[in-house]
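# What the coordinates show
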Amino acid sequence: MTIPVFSVGLFNWLIDPQDIFKSPNYWKINHEKINKDNNDRLFKAVDIIRLQPENIIMGSSRTKQGIDPESSALGKEQNFYNLAINGPNFYEARRYIEHAIHNQPELKEIILGVDFFMFNQDLENQPTFNSSRLEKNHLIFDDAVKNLFSLDVVNNSLETIKASQNSPDTVDDDYGDDGFMPNRNFNNGQTIWRFNQSIKLYFSLHSNYQFSESYWNDFKQIVQLCRENNIELKVFLSPAHATQWESIYTTKRWDVFEQWKRELVKIIPVWDFSGYNSITTEPIAKYMDNYVDSSHYTPEIGNLILQRMLDKQTDEIPQDFGTIINQENIEQHLANIKSDRQKWLKNNPEEVDLVRKFYAEINQDRNE
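These remarks concern the structure in this document.

Rules used throughout
Residues numbered from 1 in each chain as written. Predicted model: local features only at pLDDT ≥ 70, side-chain atom pairs only at ≥ 80, totals over all residues. Heavy atoms only, no water. Helix = DSSP H or I, 4+ residues; strand = E, 2+ residues; numbered from the N terminus. Rg over C-alpha atoms; globule rule 2.2 N^0.38 Å. Buried < 20%, exposed > 50% of the residue type's maximum accessible area, 1.4 Å probe, protein only. Areas by Shrake-Rupley, 256 points an atom, 1.4 Å probe, with all protein chains shown as cover. Lys, Arg positive; Asp, Glu negative; His and termini not counted. Charge placed at Lys NZ, Arg CZ, Asp CG, Glu CD. Pairing = 2+ DSSP bridges. Axes fitted to C-alpha atoms, helices over the stretch in contact; angles between N-to-C directions. Core = buried A, V, L, I, M, F, W, Y, C linked by side-chain atoms within 4.5 Å. Contact = heavy atoms within 4.5 Å. Polar contact = N/O pair within 3.5 Å; in protein donor to acceptor, adjacent residues only side chain to side chain.

To continue, consider the overall build of the protein. Across its full length, the protein carries 13 helices and six strands. Relative to the compact-globule value of 21 Å for 368 residues, the protein shows a C-alpha radius of gyration of 21 Å, a close match. Over its C-alpha atoms, taken along the principal directions, the protein stretches across nearly 70 × 50 × 45 Å. In the protein, which comprises 368 residues, the proportion classed as buried is 55%. With the model as given, the accessible surface of the protein reaches about 17,000 Å², and the carbon-plus-sulfur share is 49%. Put simply, the protein has 38 plus and 54 minus side-chain charges, and the middle of one group is 3 Å from the middle of the other.

Quick look at the structure:
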């Protein structure tokens, strides 16, 4: 019995489908780790222990796919790691930031992408979240055992081998080494389908959005933690597509959304890239420059975000993309967005109808 169990452990260690043991990558054997993205809460916790980055990027999958730690806007001398994870609530975000500080007491800077959905009290911790693996400086026993001897991981290893054998020669084997994981297939002509799915997903998860005071307190704790540890904190609101903002309006949560922004700027100035601007109102099409779907922007847009935030002004950045908001200008800013929305409604009736159609469909399915 010992030999088969040992063999399973050795096999999973060699293939390392979640990329947590940092076993060697062999081309056409285990270089294409297709299950890595879905296990970001595990491999990123391990990466923080191993790399101890001095600067981190944090947020949801929008930030994970859009903000490149190697962007020229950040400078080559900077050591950034993209710690953003898929679909987190703000408690999860706080715990990962605390994990980063625990492993790197000299943490210098955090670029934090903040999304309204992260404060929905109905958004529970994701199944792959495990608080016990955080604020440790080693891989915990449970994670090690599971990833060596679990049959699920054996299946992941087999899938890794198959994907590696079938992957094109252009695929990089360092995907996600710095936490940055852009969508590899965004320009495959399926953008309209992805838009439809992501709009439906928003309504499925957030139609009954209720603002969480607990998650709000998690955000305030992050701000306070950064102040106590002399960490420079830069906060920005992600530039999802206009249909995402219209989804919030359609669920009658626009007033809550605006009040959330008012409360944010009472605590810290925020770069707001949301709303209806030159980037976010790109017409929906099979192939798009700015968006993978209604929620996720491309790395090219992420680079514009960094350039604007870090005052790397170039002609590439539209003048209406990104505004630093504070208590002095928040009301005028909110009024401007309302005005911009009216123009978008008038010029994009088909996209407005699309949002309302999916909202009606989701509500109908719930009532049946």
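Moving on: the pairing of strand β3 (residues 109-114). The element β3 is extensively covered by neighbouring structure, given that six of its six residues are classed as buried. Where burial is concerned, the two faces of β3 agree: the one with E109, I111 and G113 and the one with I110, L112 and V114 are both buried. Pairing of strand β1 (residues 55-58) with β3, which is carried by four bridges, proceeds in the parallel orientation. Bridge pairing in β3 places M58 opposite L112. Where β3 lies against strand β4 (residues 232-237), six bridges are found, and the strand directions are parallel. The partner of G113 across the bridge, within β4, is F236.

Take unusual backbone geometry next. One non-glycine residue with positive phi stands out, namely D19, at about 60 degrees. Position of D19 relative to the elements: it lies in the loop between α1 (2-15) and α2 (40-51). Look at K22: it is not a glycine, yet its phi comes out positive at around 55 degrees. Given the relative accessible area of 29%, K22 is considered partly exposed.

So, on to the sheet that holds strand β2 (residues 80-82). Reading across from one edge, β2-β1-β3-β4-β5-β6 is the order of the six strands in this open sheet, with mixed pairing throughout. The sheet terminates laterally at β2 and β6 (323-325), the two strands that pair on one side only. The average undirected angle you get between the axes of adjacent strands in this sheet is 20 degrees. Pairing of β1 with β2, which is carried by three bridges, proceeds in the parallel orientation.

Moving on, we come to the nonpolar core. Generally speaking, nonpolar side chains in soluble globular proteins are found buried as a group. If you look at the biggest cluster of nonpolar residues, it comprises 67 residues, and the most contacted ones within it are F90, L112, F119 and F219. When neighbours within four sequence positions are excluded, F119 is seen to be in contact with F90, V114, Y209, Q210, F211, S212, Y215, W216, F219 and W260. Counting residues in hydrophobic clusters, the runner-up holds 21 residues, among them L306, M309, I317 and F321.

Tracing the backbone shows S238 in the loop between β4 and α9 (242-250). The buried category is assigned to S238, whose relative accessible area is 1%. A polar atom in the side chain of S238 sits 2.9 Å from the side chain of D115. The residues touching S238, leaving out its near neighbours within four places in the chain, are R62, T63, V114, D115, W245, F273, S274 and Y297.

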